[in-house]
Amino acid sequence: MMKLSELQVKEVIIVDDGKRLGHITDLEIDTDKGKIVAIVLTIKDKKGGFFGKSDELVIHWDQIVRIGSDVILVKNVGEPKLYSSNFITGHNG
């Protein structure tokens with residue numbers, strides 16, 4: 001079993017183009033099943049300067065290709081966005 005603190009030190013990288021996304025800031029957990037549904041990264045807007053806004057990038061568990069010793073490889077990652085209401089409530093449609 002792996003702790004959140006162990007996941008947080010691993011850098012998240014898109015396997016398709018090698019882009020570095022940063023580190024995990026949070027997890028989305030299905031409390032009924034006791035499983036991780038998604039990892040969450042905070043992406044700072046580089047145009048906003050010191051007080052720039054941050055967006056959350058939610059990467060669903062099935063987008064994770066491999067968790068290595070120092071990186072997490074992911075695929076099919078879109079643009080950073082805030083949680084959608086469907087994601088929060090668990091409704092898919």
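The shown structure was predicted, so the numbers you read here are calculated from the model rather than taken from an experiment. (Residues numbered from 1 in each chain as written. Predicted model: local features only at pLDDT ≥ 70, side-chain atom pairs only at ≥ 80, totals over all residues. Heavy atoms only, no water.)

## Some remarks on the nonpolar core
When a protein is soluble and globular, its nonpolar side chains tend to lie buried together. Val12, Leu21, Ile39, Ile59 and Val74 are the most contacted members of the largest nonpolar core, which totals 14 residues. For this core, the elements supplying multiple residues, two or more each, are strand S1 (11-14), strand S2 (20-30), strand S3 (35-44), strand S4 (54-60) and strand S6 (71-74). Among the elements that line this core, the one with the most residues is S2, at three residues. (Core = buried A, V, L, I, M, F, W, Y, C linked by side-chain atoms within 4.5 Å. Buried < 20%, exposed > 50% of the residue type's maximum accessible area, 1.4 Å probe, protein only. Helix = DSSP H or I, 4+ residues; strand = E, 2+ residues; numbered from the N terminus.)

## Overview of the confidence of the model for the protein chain
On average, residues of the protein chain score 81 in pLDDT, and 72% of them reach the 70 mark or higher. Ranking the elements of the protein chain by mean pLDDT puts helix H2 (residues 85-89) last with 46 and S6 first with 96. The low-confidence segment residues 84-89, where pLDDT is below 50, has seven contacts with residues more than four positions distant or belonging to other chains. (pLDDT = per-residue confidence, 0-100. Contact = heavy atoms within 4.5 Å.)

## Focus: the pattern of salt bridges
Enumeration according to the criterion identifies one salt bridge in this entry. One salt bridge in this structure joins Glu11 and Arg20, with 3.2 Å as the shortest N-O distance. With relative accessibility at 19%, the residue Glu11 sits in the buried group. Exposure remark for Arg20: the relative accessible area of 59% places this residue in the exposed category. (Salt bridge = Lys/Arg side-chain N within 4 Å of Asp/Glu carboxyl O.)

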